[in-house]
Amino acid sequence: MATAKSKKTALQSVKGMRDLLPKDQAIWEKIRKVTRDLGEDYNFMRIDTPLVESAALFERGVGESSDIVEKQMFSIKSKDDIALILRPEFTAPVVRAYIEHGMSHMSQPVKLYYIGSLYRYEQPQEGRYREFYQSGFEIIGGESDPLYDAQMIMLAYRFLEEMKIGKLMAQVNSIGCRQCRPLYRKKLVDYYKSKPACKTCKRRLLVNPLRVLDCKEKECDPIKKGAPAMIDSLCVLCRGHFKLVLEYLDEVKLPYMLNNSLVRGLDYYNRTVFEIFSGESDLALGGGGRYDHLVELLGGKPTPAVGFSIGLDRVVMMLDKQEPAPANRKEKRKVFFITIGDLAKKRALPLIESLRRAGVHVEEFMGKDSLRGQLAAADKKGAEIALIFGQMEAFEDSIIIRDLKTGAQETVLLIKMVESVKKKL
Ligand code: AMP
């Protein structure tokens, strides 16, 4: 029994986490369908990885100086000594699975897709939650071919188009490779040394200099604008790779712009990185890039890879702003089953079941005994057809079909019920 105290302190969902209510489900179902359909159309195989992973996977994979590992991991108290966390991103777990299940022995590249929830300890705000959802696609193995990079940017774009998000624009950059990035990093540090950058940037210059380009502080804006661009420091191979990516994008006329300060928050990327935006919003809807060293970093053989993920909560947010959610399915006329009396109630269950098995969407409210109460419930549900099954009908093996709009009604034999109802839908 609820006490006065427990009534007062009603429990709420945890900060930064929220319920996806019945009214939200149509759009989430559409997202799941688009993910599945694109996965199949582009020959990706579905993978699901656990919610819980070892912290070491992300420390090694995402990078100890990344925001995710430094500040955002949801750690779990476990009974053994292994540090566990709720997954903050998908790429490292998918690569772990690729290695663990010997997928390098399959025909390469292996193309995988997924959808699920992620957990990051962030300051919740619009479009930023502690539990959020992503769909993602990864191409692991094969060649480090710029064609794959372009294909992934196109696929991310297509995903958002399928979701009817307008005014899309991809921002792309190359962050080079192990050869050219250190030289660029040095240039960047030298440039920033004498500049009055914010405290966070000063710290980043020591641990992860490229992240200064990610800084959102106003005071750092002019400094960032004058900073040397990675693109001017790319080695011949990286330059050639990036040039081809852009040429492929030109070929398919995909709108993109170069963004010299796009570095992404995860350390495993090399060469191509990208994010996709819509209209004026400065919240990225998705992003990804090439990560040719992650498989090796996590204990596998050197294996090129490229991938991206779409932030589904932000897709829903954009749609809420743009247009009403699309209807779940083409609405059929709703059917409401009404019983009067105990005998009718008892015999109603198999009848309702036979309607449902025949694909008729039936509602009922047999908790209410009176005809009035049930008709009122039918009205509330927006039902257009009522099936009325009373004492007499139960004796005669018949049922009344009433059109609630016109009031017209007919009595049919139970063996004809399904057929007669289907004709009226
Ligand atoms: P990331 O895994 O950081 O590359 O993010 C990929 C996409 O996920 C972003 O472009 C966002 O759309 C979305 N995203 C990242 N973090 C959050 C968050 N805390 N809440 C909601 N969406 C997020």
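Rules used in this analysis
- Residues numbered from 1 in each chain as written.
- Predicted model: local features only at pLDDT ≥ 70, side-chain atom pairs only at ≥ 80, totals over all residues.
- Heavy atoms only, no water.
- Pairing = 2+ DSSP bridges.
- Helix = DSSP H or I, 4+ residues; strand = E, 2+ residues; numbered from the N terminus.
- Contact = heavy atoms within 4.5 Å.
- Axes fitted to C-alpha atoms, helices over the stretch in contact; angles between N-to-C directions.
- Parallel < 35°, antiparallel > 145°, perpendicular 65-115°, else oblique.
- Left-handed = near helix turned anticlockwise from the far one by under 90°.
- Nonpolar A, V, L, I, M, F, W, Y, C, P; charged D, E, K, R; others polar.
- Buried < 20%, exposed > 50% of the residue type's maximum accessible area, 1.4 Å probe, protein only.
- Domains from an automatic or database assignment.
- Near = heavy atom within 4 Å.
- Polar contact = N/O pair within 3.5 Å; in protein donor to acceptor, adjacent residues only side chain to side chain.
- Areas by Shrake-Rupley, 256 points an atom, 1.4 Å probe, with all protein chains shown as cover.
- 1 Å grid on protein atoms, 1.4 Å probe; cavity = no way out; pocket = protein on both sides within 12 Å on 5 of 7 lines; lining within 4 Å.
- Points joined across faces, edges and corners; volume = space filled by probe spheres on them.
- Expected span 1.5 Å × (residues − 1).
- Arc of directions from axis to C-beta.

Chemist: Whenever I open this one, the sheet that holds strand β9 (residues 270-278) confuses me. Can you help?
Modeler: Strands sit in the order β1-β5-β6-β11-β10-β9-β7-β8 across an open sheet of eight strands; the sheet is mixed. With partners counted over all chains shown, the strands left at the sheet margins are β1 (45-46) and β8 (256-258), one partner each. Pairing between strand β7 (residues 168-174) and β8: three bridges, direction parallel. Pairing of Q171 across the sheet is with M257, part of β8. Against the sheet, helix α2 (residues 25-41) contacts β5 (110-119) and β6 (131-140), and its axis sits at roughly 160° relative to β5.

Chemist: Would you take a moment to explain the packing of helix α6 (residues 146-162) against helix α10 (residues 236-251) for this structure?
Modeler: The description of two helices packed together rests on the angle between their axes and the distance between the axes. Remark: α6 packs on α10, axes separated minimally by 8 Å, with the N-to-C direction vectors making an angle of 45°. Here α10 runs oblique to α6, going by the angle between their axes. The two elements α6 and α10 cross, and the hand of that crossing is right-handed. Residue-level contacts link P146, L147, D149, A150 and I153 of α6 to H241, L244, V245, Y248 and L249 of α10. Class assignment for the residues of the contact of α6 with α10 results in eight nonpolar, one polar and one charged.

Chemist: Whenever I open this one, unusual backbone geometry confuses me. Can you help?
Modeler: Keep in mind that most residues, glycine aside, have a negative phi and that most peptide bonds are trans. In this model, Q108 is joined to P109 through a cis peptide bond whose omega is -5°. In this structure, N43 is a non-glycine residue whose phi angle is positive, near 65°. Its identity as a non-glycine residue notwithstanding, K164 has a phi of 65°, on the positive side. K164 gets classed as exposed once you look at its relative accessible area, which sits at 53%.

Chemist: Would you take a moment to explain the domain arrangement of the protein chain for this structure?
Modeler: Often, the extent of an interface is quoted as the loss of accessible area on bringing the components together. Taken domain by domain, the protein chain consists of domain 1 (22-180 + 234-318) and domain 2 (335-424). Between domain 1 and domain 2, the C-alpha centre-to-centre distance is 51 Å.

Chemist: Sorry, what's going on with the site of the ligand here?
Modeler: Around the ligand, the structure places 15 residues, and the nearest of them are R120, E122, Y129, R264 and A284. The backbone of Y129 places a nitrogen or oxygen atom 2.8 Å from a nitrogen atom of the ligand. At 2.5 Å from an oxygen atom of the ligand is found a side-chain nitrogen or oxygen belonging to R264. Out of a free accessible area of 480 Å², the ligand has 92% covered by protein chains. Where the shell around the ligand is concerned, the elements lending two or more residues are β6 and β11 (305-311). Looking at side-chain class alone, the shell around the ligand contains five nonpolar, five polar and five charged residues.

Chemist: Help me understand the layout of surface pockets, please; the structure alone is not making it clear to me.
Modeler: Each pocket or cavity is described by its volume, and for the second largest pocket that value is around 380 Å³. Taken together, 24 residues form the lining of the second largest pocket, with R181, R185, D267, Y268 and Y269 sitting closest to its centre. When contributions to the lining of the second largest pocket are tallied by element, the ones reaching two or more residues are α3 (55-61), α7 (180-193) and α11 (294-297). Its residues assigned to classes, the lining of the second largest pocket shows 11 nonpolar, six polar and seven charged.

Chemist: Teacher, can you tell me more about the environment of K193 here?
Modeler: Residue position: K193 is located in helix α7. Using a relative accessible area of 60% as the deciding quantity, one classes K193 as exposed. For the pair K193 and K334, spaced 141 residues apart in sequence, the C-alpha to C-alpha distance is 70 Å.

Chemist: Quick question: what am I supposed to make of the sheet that holds strand β2 (residues 52-54) here?
Modeler: Hydrogen bonds between backbone atoms are what pair the strands of a sheet, whose relative direction is either parallel or antiparallel. Ordered in space as β2-β4-β3, the three strands form an open sheet in which the pairing is antiparallel. The sheet is open, and its two edges are formed by β2 and β3 (74-76), each paired on a single side. For this sheet the average axis-to-axis angle between neighbouring strands, irrespective of direction, equals 45°. Note: β2 against strand β4 (residues 84-86), three bridges, orientation antiparallel. In the sheet register, E53 faces β4, and the bridge partner there is I85.

Chemist: Before we go on, may I ask you to explain empty space enclosed by the protein in this structure?
Modeler: Empty space left among the atoms is revealed by rolling a probe the size of a water molecule over them. Summed over the entire model, instances satisfying the criterion amount to one cavity of 30 Å³ or more. There is about 50 Å³ of room inside the largest cavity. Around the largest cavity, the lining residues are S65, D67, E70, K71, T200, R203, R204, V207, N208 and R211. Among the secondary structure elements, those contributing two or more residues to the lining of the largest cavity are α4 (67-71) and α8 (199-207). Ranked by residues supplied to the lining of the largest cavity, first place goes to α8 with four residues. Here the residues of the lining of the largest cavity sort into one nonpolar, three polar and six charged.

Chemist: What's the story with α10 in this structure? I'm lost.
Modeler: Count 3.6 residues to each turn of an α-helix, and residues three or four apart come out pointing the same way. Look at α10: 22 Å from first C-alpha to last across 16 residues, which is about the 22 Å you get at 1.5 Å a residue. Of all the residues in α10, the buried ones are C238, H241, F242, V245, L246 and L249. Axial view of α10: buried residues confined to an arc of 130°, hence all on one face. Across from the buried face of α10, at angles greater than 90 degrees, the exposed residues are V236, L237, K243 and E251. The inward-facing, buried residues of α10 contact α6, β7, α7, β8, β9 and β10 (286-290). Looking one or two residues beyond α10, the residue adopting positive phi is K253, at roughly 55°.

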